[in-house]
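For reference, the chains in residue letters:
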Amino acid sequence: AQTVTQSQPEMSVQEAETVTLSCTYDTSESNYYLFWYKQPPSRQMILVIRQEAYKQQNATENRFSVNFQKAAKSFSLKISDSQLGDTAMYFCAFIFGTSYGKLTFGQGTILTVHP
Amino acid sequence: KAGVTQTPRYLIKTRGQQVTLSCSPISGHRSVSWYQQTPGQGLQFLFEYFSETQRNKGNFPGRFSGRQFSNSRSEMNVSTLELGDSALYLCASSVGQLPGGANVLTFGAGSRLTVL
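As the structure is a prediction and not an experimental result, all values here were calculated from the model.

Rules used throughout
- Starting afresh in each chain, residues are numbered from 1 along the sequence in its written order.
- Chains and ligands are labelled by the order in which they are written, letters from A for the one and numbers from 1 for the other.
- In keeping with the predicted nature of the model, local features appear solely for residues at pLDDT of at least 70, side-chain atom pairs appear and are counted solely at 80 or more, and the whole-chain, interface and lining totals rest on all residues.
- Derived side-chain values reflect all non-hydrogen atoms in the structure, with water molecules and hydrogen atoms excluded from consideration.
- Only runs of H or I of at least four residues qualify as helices and only runs of E of at least two qualify as strands under DSSP, and these elements are numbered from the N terminus.
- Radius of gyration: C-alpha atoms only; globule rule: 2.2 Å multiplied by the number of residues to the exponent 0.38.
- Burial classes: relative accessible area under 20% of the type maximum marks a residue as buried, over 50% as exposed, and values in between as partly exposed (1.4 Å probe, protein chains only).
- Whether two residues are in contact is decided by their heavy atoms, any of which lying within 4.5 Å being enough.
- A 1.4 Å probe and the Shrake-Rupley method give the accessible areas. Residues count as covered only by the protein chains that appear here.
- Just so you know, the count uses Lys and Arg for positive and Asp and Glu for negative, and it drops His and the chain ends.
- Lysine's charge is taken at NZ, arginine's at CZ, aspartate's at CG and glutamate's at CD.
- The disulfide criterion is simple: two cysteine sulfur atoms within 2.5 Å.
- We call two strands paired when DSSP finds no fewer than two bridges between them.
- Axes, fitted as lines to C-alpha atoms, cover a helix only where it is in contact. Angles between the N-to-C directions of the axes lie from 0 to 180 degrees.
- The term buried area denotes the loss of accessible surface (1.4 Å probe radius) that occurs when two parts are joined, taken as the sum for both partners.
- For this analysis, a salt bridge means a side-chain nitrogen from Lys or Arg found within 4 Å of a carboxyl oxygen belonging to Asp or Glu.
- The definition of a polar contact used here is a pair of N or O atoms within 3.5 Å, where within protein one atom must be able to donate a hydrogen and the other to accept one, and adjacent residues in sequence count solely through side-chain atom pairs.
- Put simply, Ala, Val, Leu, Ile, Met, Phe, Trp, Tyr, Cys and Pro go in the nonpolar bin, Asp, Glu, Lys and Arg in the charged bin, and everything else, Gly too, in the polar bin.
- Working definition of a nonpolar core: buried Ala, Val, Leu, Ile, Met, Phe, Trp, Tyr and Cys residues. They are joined through side-chain atoms within 4.5 Å.

> Any chance you could explain the overall build of chain B here in plain terms?
Along the backbone of chain B there are 0 helices and 11 strands. Helices (α) and strands (β) of chain B occur, in sequence order from the N terminus, as β-β-β-β-β-β-β-β-β-β-β. Computed over the C-alpha atoms, the radius of gyration of chain B is 13 Å, within 12% of the 13 Å expected from 2.2 N^0.38 for a compact globule of 116 residues. Taking the principal axes of its C-alpha atoms as reference, chain B extends roughly 40 × 30 × 25 Å. Put simply, chain B has 116 residues, and 51% of those count as buried. Within chain B, contacts between residues at least 6 apart in sequence are counted, and of these 55% link residues at least 24 apart. Surface exposure of chain B reaches about 5200 Å², of which carbon and sulfur atoms provide 49%. Measuring between centres, the 11 positive side-chain charges of chain B sit 5 Å from its 5 negative side-chain charges.

Have a look at this one:
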């Protein structure tokens with residue numbers, strides 16, 4: 001069975017600072033995709049960043065970057081220059097193997113950015 | 001380009017009733033997935049449809065069902081509602097032609113169901 005664990009239920013950061021959200025997973029699959037989604041108070045789930053497991057280079061998307069450690073089964077999200085609009089629940093999620101449409105989510109981390 | 005549209009946004013039902021939720025995907029997307037989000041269980045996958053066929057299914061009882069129409073719009077139905085079915089139901093669409101995570105899922109705003 002595949003599991004996804006986010007061990008930080010809540011985090012806070014000051015505006016303009018950097019914060020890192022952690023995620024670990026367990027799978028026997030060799031082929032999978034990794035995602036970070038954010039869910040602001042509006043409840044709309046928004047894709048932040050995506051990483052293919054077969055790629056060694058870490059994905060970046062503007063202020064968002066990941067640290068993907070495949071051997072350690074770790075997939076953390078770094079947010080640089082945090083903004084008030086980054087306040088949201090953040091989920092790491094995976095699609096394992098050739099599964100269609102089935103994201104496996106972690107429990108989520110509530111991130112609050114303070115002015 | 002219009003996003004994923006879910007209707008209704010909010011609804012209240014009583015135990016024993018049934019409910020139908022609708023999801024209109026992004027134009028050109030042929031895959032629709034459904035998720036249930038609750039504070040206790042988090043986000044759980046219900047099922048996925050592509051070209052009117054269910055390709056994948058999560059571990060939910062048979063009271064939860066879905067279908068997809070030829071225009072890719074999808075509905076999910078929950079019969080004999082229980083208090084524990086109170087949740088935010090999210091749908092997501094994708095192009096769907098590639099296996100696994102090669103398809104990026106775009107989510108709708110959700111339908112908030114309250115069962116009294």
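> Whenever I open this one, the state of the cysteines confuses me. Can you help?
Two cysteines, two sulfur atoms, one covalent bond between them: this is a disulfide. Scanning all chains against the criterion turns up 2 disulfides over all chains. With its sulfur 2.0 Å from that of its partner, C23 of chain A forms a disulfide with C92 of chain A. Here the S-S torsion is close to 70°, and the disulfide linking C23 of chain A with C92 of chain A is therefore right-handed. Of this pair, C23 of chain A sits in the loop between strand 3 (19-21) and strand 4 (24-26) while C92 of chain A is found in strand 10 (residues 88-96), placing the two residues 69 residues apart along the sequence. For C23 of chain A, a relative accessible area of 1% translates into the label buried. The side chain of C23 of chain B participates in a disulfide bridge whose partner is C91 of chain B; the two sulfur atoms lie 1.8 Å from each other. Between C23 of chain B and C91 of chain B the sulfur-sulfur dihedral comes to about 65°; the bridge is accordingly right-handed. One end of the pair, C23 of chain B, is in strand 3 (residues 19-24); the other, C91 of chain B, is in strand 9 (residues 87-94), with 68 residues separating them in the sequence. Take C23 of chain B and C91 of chain B: they sit in the same class, and that class is buried.

> Even after reading the chapter, I still don't get the sheet that holds strand 7 (residues 64-68) of chain B, so can you show me in this structure?
Through backbone hydrogen bonds, the strands of a sheet pair up, either in parallel or in antiparallel fashion. Residue and element names in this part refer to chain B. Read across the open sheet, the 4 strands follow the order 1-3-8-7; overall the sheet is antiparallel. Looking at the sheet topology across the chains shown, the edges are occupied by strand 1 (5-7) and strand 7. Pairs of neighbouring strands in the sheet enclose a mean axial angle of 15°, with direction left out of account.

> Would you mind showing me how to read unusual backbone geometry here?
Where the residue is not glycine, phi is negative for most of them; where a peptide bond is considered, it is trans in most cases. The linkage connecting T7 of chain B with the following residue, P8 of chain B, adopts the cis geometry, with an omega of -10°. Relative to the helices and strands, P8 of chain B resides in the loop between strand 1 and strand 2 (10-13). For D81 of chain A, which is not glycine, the phi dihedral falls at a positive 50°. Along the chain, D81 of chain A turns up in the loop between strand 9 (74-79) and strand 10. Classification of D81 of chain A as partly exposed rests on a relative accessible area of 38%.

> What should I look at first to understand the interface of chain B and chain A in this one?
By a frequent convention, interface size equals the accessible area lost on bringing the separate parts together. Listed per partner, the contact involves 23 residues of chain B and 19 residues of chain A. Together, the buried faces of chain B and chain A total about 1900 Å²; carbon and sulfur atoms form 58% of this surface. Remark: the boundary between chain B and chain A carries 0 salt bridges. Viewed at the interface, chain A and chain B are joined by 6 residue pairs in polar contact (both at pLDDT 80 or more). Along the lines of polarity and charge, the residues of the side of chain B that touches chain A split into 12 nonpolar, 8 polar and 3 charged.

> So what exactly am I meant to see when it comes to the nonpolar core here?
The nonpolar side chains of a soluble globular protein tend to be buried with one another. Of all hydrophobic cores here, the largest spans 26 residues; its most connected members are Y32, L34, W36, F75, L77, Y90 and F94 of chain A. Those elements that place two or more of their residues in this core are strand 3, strand 5 (32-39), strand 6 (46-52), strand 8 (64-69), strand 9, strand 10 and strand 12 (109-114) of chain A. Here the element with the most residues in this core is strand 10 of chain A; it accounts for 5 residues. Core analysis: the second largest hydrophobic core is formed by 21 residues, V4, L11, F47 and F64 of chain B among them.

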